[in-house]
Amino acid sequence: MGKIKIREFNYNQFFKENAEIIRLYNNVIYPKIACIGALTTTIALIGSFFNDYMARSRAPYVVICVFCLILYFTRKAKFWRMHPVLCDYLVFAQIFFMLMYMGVVLFRNGTGASILILLSIFPVAFVDKPQNLFMAEMGMYLIHTITSFLIKDFVYASLDMINGLIAVIAGCIFGFFILNSRLHALNYRTLLSVEREIDVLTTLYNRRKMTEELESFKRGFTPEPSGVIMMDIDLFKSYNDTYGHVAGDTCLNTFGQMLKSMEHEGKIKLYRYGGEEFIAFVWDANKEEVYKYAEQMHVQTKALPVEHRSITISVGYVHCADKQVKNFETWIQRADQALYIAKGRGRDCVVDYDAIEE
């Protein structure tokens with residue numbers, strides 16, 4: 001992954017090439033926003049029992065508090081993990097309509113105050129493309145301004161329009177600088193991740209990255225794969241000793257590039273497990289699909305343009321169908337066991353773990 005020149009404001013390219021790390025970043029942010037929303041409305045709800053003026057807003061407080069709590073306690077649901085930005089927009093949309101209802105409908109004989117805070121902090125709350133944030137900001141401002149002129153006295157509506165415009169300008173300016181700073185930080189973090197998590201020789205993820213993925217599975221941050229494939233280049237030590245380490249490195253690089261080309265579908269991630277051994281995780285696949293990936297690797301390896309002589313691989317795979325197995329390391333061990341059987345059968349073959357059990 002090349003360095004993105006954020007100073008040229010090529011945000012679309014940055015978001016396209018760093019979509020995953022941005023999604024993970026927002027996955028951490030949005031539960032906090034939902035929690036803060038629930039906490040602040042709870043405080044306001046409690047205050048409404050001691051203040052007749054606030055009591056008029058009790059119903060909106062309850063709705064927003066419940067909504068934020070639902071989002072917070074369902075934060076590990078697959079949909080929210082895949083679309084955390086949507087959650088952020090929903091939270092702010094709920095708060096916006098609550099504040100607009102209070103400032104325009106319930107307390108129409110005055111200027112809106114709380115809505116100004118929302119317009120100021122919205123652009124700095126999470127990471128999304130600048131045009132999306134600023135369009136949403138302007139949309140809220142226009143809805144609030146138009147509604148104020150329709151319902152409120154002209155003087156109060158005019159004050160809302162002016163104060164809201166100031167809040168929007170301030171929010172967008174600060175939002176731009178904070179977003180730019182965040183993207184710089186994410187870019188540097190991405191570059192560091194590449195150095196820390198990518199195997200230089202094969203350009204695949206390394207074993208350290210795989211270990212981090214396993215931890216992510218355990219904590220429920222990312223869904224567990226539905227299949228594991230392990231493979232080993234047959235008689236690679238002999239190849240390395242016969243033709244030299246340079247030829248061996250070239251061989252590994254060619255093999256790694258072939259595996260890397262299979263990741264574009266987004267359903268499979270490949271790692272260099274160690275030496276000439278590699279491992280793949282497959283998502284959203286039935287047993288037949290996991291086998292097809294394993295067989296594809298097996299077949300394509302034979303056709304690789306490797307110097308001196310062609311290479312073959314032994315492959316073991318397992319489909320993670322037994323939901324009673326909670327420890328994902330168990331699936332890796334089973335795929336490894338299938339790989340061991342494949343080597344014992346003369347190498348250059350694919351073995352299904354379930355077939356061993358049968």
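These numbers were taken from a predicted model, which means no experiment stands behind them.

Participant: Residues and numbers for helix α7 (residues 114-121), please.
Facilitator: Looking at α7, one finds that the buried residues are Ile115, Leu116, Leu118 and Leu119. One side of α7 holds all its buried residues, which, seen down the axis, span an arc of 160°.

Participant: Can you break down a nonpolar patch on the surface residue by residue, with the values?
Facilitator: Taken together, Tyr101, Val105, Met138, Leu142, Ile146, Leu150 and Ile151 make up a surface patch of nonpolar side chains, about 620 Å² in accessible area. Those elements that provide at least two residues to the nonpolar patch are α6 (84-106) and α8 (130-151). When residues in the nonpolar patch are grouped by element, the largest group, five residues, is from α8. Assignment of secondary structure puts Ile151 in helix α8.

Participant: Quick rundown of the nonpolar core? Include the residues and the values.
Facilitator: In this structure, Val91, Leu118, Phe126 and Leu183 are the most contacted members of the largest nonpolar core, which totals 47 residues. Those elements that provide at least two residues to this core are α1 (11-17), α2 (19-48), α4 (58-73), α6, α7, α8 and α9 (154-197). The dominant element in this core, judged by the number of residues it contributes, is α6, at twelve residues. Counting residues in each nonpolar core, the second largest holds 29 residues, with Leu252, Phe278, Tyr293 and Ile313 among its members.

Participant: Just give me the short version of the pairing of strand β2 (residues 268-274), but keep the residues and values in it.
Facilitator: Burial analysis of β2 places five of its seven residues in the buried class, which makes it a mostly covered element. In textbook terms, the turn of a hairpin is the stretch between consecutive antiparallel strands, and for β2 and strand β3 (residues 277-282) this stretch comprises two residues, one of which, Gly275, has a positive phi near 60°.

Participant: Can you lay out the state of the cysteines for me, pointing to particular residues and giving the numbers?
Facilitator: Under the definition given, this model contains zero disulfides. Free of any disulfide, Cys65 has its nearest cysteine sulfur in Cys68, 7.3 Å distant. Here Cys251 stays unpaired: no disulfide links it, and the sulfur of Cys349, its closest cysteine neighbor, is 18 Å away.

Participant: Lay out the confidence of the model for the protein chain with the relevant residues and their values.
Facilitator: Predicted confidence across the protein chain gives a mean pLDDT of 86, with 95% of residues reaching 70 or more. Low pLDDT, under 50, characterises residues 1-8; the stretch is placed with 20 contacts to residues that sit more than four places away or in other chains.

Calculation criteria
Throughout this document, residue positions are counted from 1 along each chain, in the order its sequence is written. Selection of residues for local features in this predicted model requires a pLDDT of at least 70, selection of side-chain atom pairs for listing and counting requires 80 or more, and totals for whole chains, interfaces and linings are taken over all residues. The side-chain values count all of the structure's non-hydrogen atoms but skip hydrogen atoms and water molecules. Each residue is placed in one exposure class: buried if its accessible area under a 1.4 Å probe, protein chains only, is under 20% of its type's maximum, exposed if it is over 50%, and partly exposed if it falls in between. Starting at the N terminus, helices and strands are each numbered in turn, a helix being any DSSP run of H or I of at least four residues and a strand any DSSP run of E of at least two. To obtain the arc, one takes the directions from the helix axis to the C-beta atoms. What goes into a patch is any residue over 30% in relative accessible area without a salt bridge, connected to like charges within 9 Å or, for nonpolar side chains (Val, Leu, Ile, Met, Phe, Trp, Tyr), within 5 Å. All accessible areas in this document rest on Shrake-Rupley with a 1.4 Å probe, and a residue is counted as covered only by the protein chains that are shown. Only one rule defines a salt bridge in this text: a Lys or Arg side-chain nitrogen within 4 Å of an Asp or Glu carboxyl oxygen. We define the nonpolar core as a collection of buried residues of types Ala, Val, Leu, Ile, Met, Phe, Trp, Tyr and Cys that are connected through side-chain atoms lying within 4.5 Å of one another. Any two strands are treated as partners once DSSP identifies two or more bridges connecting them. In this description, the term disulfide denotes a pair of cysteine sulfurs within 2.5 Å. pLDDT expresses, on a scale from 0 to 100, how confident the predictor is about each individual residue. The contact criterion used is simple: two residues touch if any of their non-hydrogen atoms lie within 4.5 Å.

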